Structures are given as C-alpha cells and as structure tokens.
Amino acid sequence: MKIENKITEAVMQITEELYGQPVPEKMVQLQQTRPEFEGQITLVVFPFTKMSHKAPEQTAQEIGEALKEKLPEVVSKYNAVKGFLNLSISSEQWIDVLREIYENPRYGFTPVTEDSPLVMIEYSSPNTNKPLHLGHVRNNLLGWALAKVMEANGNRVVKTNIVNDRGIHICKSMLAWLKWGNGETPESSGKKGDHLIGDYYVAFDKHYREEVRELVAQGMDEEQAKQEAPLIKEAHEMLVRWEQNDPEVRSLWRKMNEWVYAGFDETYKALGVSFDKIYYESETYLEGKEKVEEGLEKGLFYRRDDGSVWADLTKEGLDEKLLLRSDGTSVYMTQDIGTAKLRFQDYPIDKMIYVVGNEQNYHFQVLSILLDKLGFKWGKDLVHFSYGMVELPNGKMKSREGTVVDADDLIQTMVADARQMSADKVNKLEGITDEEAQEIARIVGMGALKYFILKVDARKNMLFNPEESIDFNGNTGPFIQYTYARIRSILRKWEEASPVPSQGGGNGKAANLLPLGGGREGASLAEREISLIQKLQDFQTTVRQAGQDYNPSCIANYCYELASEYNRFYHDFSVLREEDARKRQFRIALSAAVGQVIKNGMGLLGIEVPERM
RNA sequence: GGUCUGGUAGCUCAGUCGGAUUAGAGCAACAGCCUUCUAAGCUGUGGGUCAUGGGUUCGAGUCCCAUCCGGAUCACCA
C-alpha cells in the first residue's frame, strides 16, 4: 500500500476519534514537504479547523501526535507549522517504495487487455502537394506521444492517418510538372519525392501570380483575375477529369503521389512515427455524401433552392454549415463524416481523438455535433486534441512565402549538431565505431528536437527561432539522455565487476541486490535519496495525469525534474565507491530504478535514450 | 462584431485540487567546481507590480467579473 494511502486512512480514523466524524477523503490533502522544512510529506490541516474548533497549529499538533501513535512504523517524527503538519517518514518505508518500483519494469503503466477501451488517434494528416514542415513535426510528435500515453493508461490504441491525396492543390502540382517538368523524377534528379512535388507546387503558384498580375494590369478586377487566369482554369479542368476517372490524369496522379509517399515514409521513419491504418481521402470523400443524404431524409439537414445541403446549427449557438455544394460535390466536413463512417465500420471505436491544429477548433465543434446527430455514439465526446501553431520570430510559417522550416532539413541539422557536439568529447566515446557514433548522434539530435517540442504545453502556440539552434544543455532532451547514459555507465561497471552471472531483464544483475539493506536497523537515508524515491513514485501519478488531460508535456517536465534530482544526487554521493555494502546496494538499485523510469518516460514521448554519449 | 484562446524574469517555458511572509527552471551574463562512478554535469550571484482593476476567503499566479493587448476562427478552401 502506498504511504499516502496509509496516512490518509489513519487521518480519517483519527479525525473520527478526535472530532466525532471522519473528514471526507478529498479533504485529506497530502503534498510534498517544502525543502526548507523538516519532513517529506505534509498534511494540510486548515480544512479540519472547522470541526476541531481549535487553532490550525494546535490541530496539526494533535493530529501529528495521534498519527505517530497509530503508525509508528511509518511516521517517525512530525512538526507543525501553522496549518501544515510535516511528517518524517521512516527510511524503511521509502526503501519499500523503491523496491516496488525497482522490481516492476513497467511501473506506472496500466496493462492493456482485450477488454480495454479502444481509442483511435488520428494524426499527421498531410496534403500530398508539399513536404512536411515544422508544424507537421509538432503534430506527428504529439500524436505519437499521445498514443503512447493512452496506451500506458490501459487503452488499446489504433493510430491512424488521413491522407489528403486529392483536390485542386494536387492538380496544381501535376499541371506544373507537365508544363515545366521535362519528365523529372526523384531518380533522375536525386530529389526526395515530396520535395520534388513541392517545388512544382511553388512553381505553379509563381506562374499563376504572374498571370493574375498581367490580367490586373490589363484592367481586370483582381478577384476576377484570380478566377480567370488560364492556369487556374486548367487546374480546375484537370480536377474535373480526375473526378471523371480520366485514365491519363489518374495515372499521373498515382505516379506523383507515390513519389510523395516515398518521401513521407522517410520523414516518418526519421521521426520514429508510424500508423496502424491509413485512410486516403480519394477513397473516403464519396462516403460522406451517403450519410448526408441519410440525414436529409431524417430531417436533420435541409436543401436550399440551388440544391446545396446545409445543417442549421443556430440552436447550438453556431452558424449554418454547408455539407454539399450546389453541384453535389462534397466539402471538407462531408469528407470527415465519410471517414468517420468507414472507421466505425473498421473498428469498434470507444473514443476518437483528432490531433489537429487549433485553427480548426470550430470545424471540430461542428463535426462533433453532426456526428452525434447522425448517430455515432462517440461523436458527442470526440476529442479534438487541439495544439497551437509553431511561430517564427516574424510570425507564422507560410508555405507560399517560403517561410517554412522544412522537417527533413531540421532533422538533418539536429543530428549533425549532435555529431559535432560529441566530436569534442572523444574520451567518452573511445573504442566505438563510426556507425555507433552516428547512431548516438541520431538519438541525441532527435531527442533534442522532440523534447524541445514536447516539453511545451500542446495547446499553446510556441516559438521557434531558426537563427538559434536548439540547445543541448539545460532543460533539454540531451540533458535527460545524458543522465541515463551516466546511470548506464555505473551499472555497466558494476556488472563487469560483479561475479554473479547476468539474469537478463531490464536491470540485469542489479536485481540480485534485493532485498535491500538486510536488517532494518539503522538504514537511514539522506534527504536527497528520499526525495529521489518520492520523485520516482510520482511517475505513476504523472502518467495518469497525462492521460486524463491529454497532455504529454507533463511527462517531459517530469523527466527533467527526475533527471535533475538524480544529477544532484550523483554529484553529492558516490555509488560504486560507497564502502558500506548495504548503502552501495541501495544506491545501485536507486540508480537502476531512475534509469528505468527515465527510459520509460522518454519512451512515452517517443524519445530514445543512449547507452553512452 | 460573435465565438474560442493566450498574457508569468531580457528570451524560451513550468507552476497539479486555490496552500507555507521568499512565484520556479533553462538560455543569455557574471563567479566558482574535473588526479575522483561521464563537466551534455554541479554550486552560487544578479534579474518579477504573475497584463490592469475589482470580487470571493483563513489564504489567489491559480476561481469569478470587467478592461487592455496578442493569436485563431466565423468560405460552395482543406
């Protein structure tokens, strides 16, 4: 049983004995004791003063006395400051806590069974006309981390992606390639497929704007010019031919999309993300129409004179929303309804989470209402995991203005920086091959990038300054990875020196250390060691919190705090050089447990940890 | 204008269910610590009217109201 639970139980009994009624469990507020006071756990007694009819300090005093009597093996000392009762917990209790964490390689995780709720998470969702940029990176990393967090909280998770592979934007790239491409392919030019297509998208836009400018110069109204420019008309014609299944257009479309997918796959692989099921809009966009027709029959929607179909959401405090155009074609909303329908057919979904930027908050508010009306049981409670934009020092990223931070470039830079960084520290990496050094650079570089993005609250906009490279010191991924590498270094040395053969498992031979301490007498721990154990224990609560709030960033912040705490411990105490065998054993186990939790915690963020760096 | 969202140190960010007369980290600046398990580390100094004004109470960065400033959104685009 957790120490906190024991205390809570005892406090409820004590208040009943002293004041005639037990306080409700919620009122037993336990928190970590501030460093400037003695003790480790603090009970806030202000809420009890109403029933004790005594001053806060006096109330704390008598509860402390009773606690010490009731739980002598737990509470060794206490002191009362105002309404705060600070409890000193015996070292044996803390060692028990450590043992429990140490012996459970999955500490903090809730097991997933066949009966666990099924959560589908949609993330990434790229367009196929341009390469991924930093905004997509944030999306992908958040989606992946969220999936891991949900899994850690005992959910079956299906990761899904909806690829926007059709529409006018793809036709623009296709048209530009036909006109100016001279048959360029990824093979012929050595360009990554998504970048190649992106270049033609930009080329289209450039020529198109020239055409518009010329028409305006000839006296045409700008709005009209945008519609009358020959290029845009041609693109529209191509879209029509696509929808009519024109073999020539379709075949070009397939070829170019394949190039893009090959490029995306590389980027996804570098980011370490993957999907269980990919949907393509070209396959789902017709599905939504059926559902809309269905809703029309049921009187949920209505048709205007021009033939367009609308949902009236004014009762819900929203606007009227278009669902089918007057020519019968579908819009974004219709497609999302169609995709939802297919997904529901494919999986018995209990909860649906969409990882999509906050610019689409309104869209998902509407989608939720519509899905609910159409009878999707999870529609009403769908979760829009709405994350903020990545901004540059001079504002938002805009593809057309070329102010984007390309994902592939950024990844490459990060890994190269990490490689450069470790080149200065030759002594640490002596005896390793070039491949191993490169692998470490990959892990560290990606760790820096991922942590940089995941440590900030997903809902908030965040700033990225391309002028300043992402840090490797301080509150960063590499700091935490470094702490792990230090721990692994200690454990390797310990294992080498130990005569006992390895038993395998995450902790290797260190498992032989337990039970800790042998006899119980005099096993006194330093405050710093205890606070490390407390921090370890917090992992469970943090994982739950992250799951409840859909908030991976609190895992990142937790990992930093744990690593920080360990580094202070590392600085102040010797592990292998400790002469007292029992203390040494304890510290090795403590280190192993910290390493394990760091690895698991970082794993939830999709960040790997290196054995050395 | 309606709706949503944010405002904490020069910069980037934490701050749980409201808890400790002193609001935390990192970066940047300055000063220390490697003959010692990895210095990508540790320790210290300076830096704040928690946007502003009210309210709620034993207690407010945190909850409520108003105001100011920023961002998003309100398309027969996706």
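Residues numbered from 1 in each chain as written. Chains lettered and ligands numbered in written order. Predicted model: local features only at pLDDT ≥ 70, side-chain atom pairs only at ≥ 80, totals over all residues. Heavy atoms only, no water.

A. Fine view of the overall build of chain A. Across its full length, chain A carries 21 helices and 15 strands. Dimensions of chain A, computed from the C-alpha atoms along their principal axes, are close to 90 × 65 × 45 Å. Taken over 613 residues, chain A has a buried fraction of 52%. Pairs at least 24 apart in sequence give 73% of the contacts found in chain A among residues at least 6 apart. Working note: accessible area of chain A is about 28800 Å², and carbon and sulfur atoms make up 47% of it. Measuring between centres, the 75 positive side-chain charges of chain A sit 2 Å from its 93 negative side-chain charges. (Helix = DSSP H or I, 4+ residues; strand = E, 2+ residues; numbered from the N terminus. Buried < 20%, exposed > 50% of the residue type's maximum accessible area, 1.4 Å probe, protein only. Contact = heavy atoms within 4.5 Å. Areas by Shrake-Rupley, 256 points an atom, 1.4 Å probe, with all protein chains shown as cover. Lys, Arg positive; Asp, Glu negative; His and termini not counted. Charge placed at Lys NZ, Arg CZ, Asp CG, Glu CD.)

B. Fine view of the confidence of the model for chain A. Per-residue confidence for chain A gives a mean pLDDT of 89; residues scoring 70 or more make up 95%. In the predicted structure, residues 501-511 sits below a pLDDT of 50 and forms 19 contacts with residues beyond four places in sequence or in another chain. For this predicted complex, the interface confidence score (ipTM) comes to 0.94, while the overall pTM stands at 0.94. (pLDDT = per-residue confidence, 0-100.)

C. A look at the state of the cysteines. Scanning the entire structure with this criterion turns up zero disulfides. Left unpaired, Cys559 is separated from the closest cysteine sulfur, that of Cys554, by 10.0 Å. The class for Cys559 is buried, based on a relative accessible area of 0%. (Disulfide = S-S within 2.5 Å.)

D. Examining the packing of helix H6 (residues 168-180) against helix H8 (residues 193-217) more closely. Packing of H6 against H8 leaves a shortest axis separation of 8 Å and a crossing angle of 85°. In terms of axis orientation, H6 runs roughly perpendicular to H8. Where H6 approaches H8, its residues His169, Lys172, Ser173, Leu175, Ala176, Trp177 and Trp180 are matched on the opposing element by Leu196, Ile197, Tyr200, Tyr201, Ala203, Phe204 and His207. Taken together, the residues that form the contact of H6 with H8 break down as 10 nonpolar, three polar and one charged. (Axes fitted to C-alpha atoms, helices over the stretch in contact; angles between N-to-C directions. Parallel < 35°, antiparallel > 145°, perpendicular 65-115°, else oblique. Nonpolar A, V, L, I, M, F, W, Y, C, P; charged D, E, K, R; others polar.)

E. Quick look at the domain arrangement of chain A. What the domain assignment lists for chain A is domain 1 (3-89), domain 2 (122-391) and domain 3 (469-604). A straight line from the C-alpha centre of domain 1 to that of domain 2 covers 57 Å. (Domains from an automatic or database assignment.)

F. Looking closely at the sheet that holds strand E9 (residues 309-312). A sheet is described by the order of its strands in space; here three strands give the open sequence E8-E9-E10, paired in antiparallel fashion. The open sheet is flanked by strand E8 (302-303) and strand E10 (320-324), the only strands paired with a single partner. (Pairing = 2+ DSSP bridges.)

G. Representation of the protein's contact with RNA strand B. In the neighbourhood of RNA strand B, 64 residues make up the surrounding shell, with Asp306, Arg325, Lys428, Ser489 and Phe573 lying closest. Looking at RNA strand B alone, sugar and phosphate atoms form 64% of those within 4 Å of the protein. Contact distances for RNA strand B include 2.6 Å between a phosphate oxygen and a side-chain N or O atom of Arg34. Of all the secondary-structure elements, those providing two or more residues to the surface near RNA strand B are strand E1 (29-32), strand E4 (84-89), helix H14 (332-346), helix H16 (407-423), strand E15 (462-463), helix H18 (477-497) and helix H20 (553-572). The biggest single contributor to the surface near RNA strand B is H18, with seven residues. Its residues assigned to classes, the surface near RNA strand B shows 24 nonpolar, 21 polar and 19 charged. (Near = heavy atom within 4 Å. Polar contact = N/O pair within 3.5 Å; in protein donor to acceptor, adjacent residues only side chain to side chain.)

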